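# Fold and contact review
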Amino acid sequence: MEGSSAPALRRDPYEVLSVSRDSSDQEIKTAYRKLALKYHPDKNASNPEASELFKEVAYSYSILSDPEKKRQYDNAGFVALDAEGMDVEVDLSNLGTVNTMFAALFSKLGVPIKTTISANVLEDALNGTVTVRPLPIGTSVSGKVEKQCAHFFGVTINEEQAEAGIVVRVTSAAQSKFKLLYFEHDANGGYGLALQEESEKTGKATSAGMYFLHFQVYRMDSTVNALAMAKDPDAAFFKRLEGLQPCEVSELKAGTHIFAVYGDNFFKPATYTIEALCTKSYEDTTHKLKDIEAEILRKRNEIRQFETEYRKALARFQEVTNRYNQEKQSVDELLKQRDSVHSSFTVSRSVVTTGGSGHFSNGSSDFKSESPEEEGSSDLKDKSSKKKWFNLNLKGSDKK
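Residues numbered from 1 in each chain as written. Predicted model: local features only at pLDDT ≥ 70, side-chain atom pairs only at ≥ 80, totals over all residues. Heavy atoms only, no water.

### Concerning the pattern of salt bridges
Two side chains carrying opposite charge are able to pair once their charged atoms lie near each other. This is how the line gets drawn: Between Lys or Arg on one side and Asp or Glu on the other, a salt bridge is scored when a side-chain nitrogen of the former is within 4 Å of a carboxyl oxygen of the latter. Secondary structure elements are defined from DSSP: runs of H or I of at least 4 residues count as helices, runs of E of at least 2 residues count as strands, and each element is numbered from the N terminus. Working definition: with a 1.4 Å probe on protein chains only, accessible area under 20% of the residue-type maximum means buried, over 50% means exposed, and in between means partly exposed.
Counted under the stated rule, the structure contains 17 salt bridges. Where E52 meets K55, a salt bridge forms, and the shortest distance between an N and an O atom there is 3.0 Å. Highlighted residues: E52 and K55, both in helix α3 (residues 48–64), separated by 3 residues, approximately one helical turn. Taking the relative accessible area as the measure of exposure, E52 reaches 44% and is therefore partly exposed. K55 gets classed as buried once you look at its relative accessible area, which sits at 15%. Where K253 meets E251, a salt bridge forms, and the shortest distance between an N and an O atom there is 3.4 Å. On the basis of relative accessible area, E251 is assigned to the partly exposed category, the value being 34%. Each of K177, K179, E198 and D264 takes part in salt bridges that share partners, so that together they form one network.

### Considerations on the environment of A208
Applied cut-off: The contact criterion used is simple: two residues touch if any of their non-hydrogen atoms lie within 4.5 Å.
With respect to the element layout, A208 can be found in strand β8 (residues 205–212). Given the relative accessible area of 5%, A208 is considered buried. As for A208 and V168, which are separated by 40 residues in sequence, their C-alpha atoms are 8.6 Å apart. Filtering out sequence-adjacent residues up to four positions away, A208 remains in contact with V168, R169, V170, F178, L180, E197, E198 and S199.

### Some points on the nonpolar core
Counted only if it meets this: For the purposes of this section, nonpolar cores are sets of buried Ala, Val, Leu, Ile, Met, Phe, Trp, Tyr and Cys residues that join through side-chain atoms within 4.5 Å.
Formed by 27 residues in total, the largest nonpolar core has its most connected members in L252, F259, V261 and I274. Among the secondary structure elements, those contributing two or more residues to this core are β2 (139–145), β3 (150–157), β4 (166–172), β5 (178–185), β6 (191–198), β8, β11 (255–263) and β12 (270–278). A total of 5 residues in this core trace back to one element, the largest contributor, which is β12. When near neighbours in sequence (up to four residues on either side) are disregarded, I274 contacts L135, T139, S140, V141, F153, V168, R169, V170, L180 and V261.

### Overview of unusual backbone geometry
The backbone phi angle of Q148 is positive, close to 60°, even though this residue is not glycine. Position of Q148 among the secondary structure elements: in the loop between β2 and β3. We classify Q148 as buried; its relative accessible area is 15%. Positioned with a positive phi, H214 is a non-glycine residue whose angle comes to about 70°. With respect to the helices, strands and loops of the structure, H214 is situated in the loop between β8 and β9 (218–220). By relative accessible area, which is 36% here, H214 ends up partly exposed.

Scope: geometric values only; no functional claims are made or implied.
The structure is reproduced here in structure tokens:
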């Protein structure tokens, strides 16, 4: 599929996005948005060069938006990055029917595929021409959104609610694939995309949520190192927590905030229920989430250290296992040779049978065994003599 791998000839990501090395995360994100919209395949259907530039922009952003990848690149360039592990978003609207079917198949088999948002949705939001439905705090709205389309909602909060914290969640009992989007107000009067969360399967449903709780909350990116995990079963465990990415926004100010549900199914609409709530009545749950987030980060650091220890032990175990198999094979062969040598210490060479007598020859003497027939005949004589007394006629035996 086009867009699923990094460009063969790679330019400096800072040069591609036209940002400096000391640019902030927000500046990098803003530059990416503008370029992604400019070169989006939806707007450049007849320009193959724009499609390549779009992939290059997405690839560069995937490096600079990830603190760890950015650090590795700054230290050693592309050499420090595993190109096969880099993930680029795929635009479904530009894949065509055949490739979309393949993408749907891979997704069904559990292969994580990141998809980009349609340029039409982003452009309409930026122009402010989208319809925004109100979503009051403490309520929920259900709906069905077409693929590569979005439903927009406005959540208005006051100072007290903003201080307590806000949660916006979307669930789908039909296990639809969707994205939860958050837009910031643009200077031109429209809305610019600020956050997006991919739906994840949780039990018998799919869900996505955004948590603005005044402390750092993390999202899980299941596509991180997906190829490395496929090649190495052990990596599936050790890389599992590497997908944790810090959310860029941890709190909301009082006012109206724009969220959207984007239909990310391959062929059909996505059914969903979106709800917004204030965490003032969920204080215990909020504290619990904060503790768990901190514990997961500690565990991630522990797992990173443990992986080194595990890999060394595994290599040693493989080494000892190989030696065990070699030594076992060597011992078995020596014992086999020993048995063969032992069996050669004998003067017996053959057994010859003539008539009813068996003669065992060892080159020095002959032994003749008694015939089984003769033994049988003597037994018959003994039996006949013992049975004679049974023929006696007892007196009166014929009388009635």
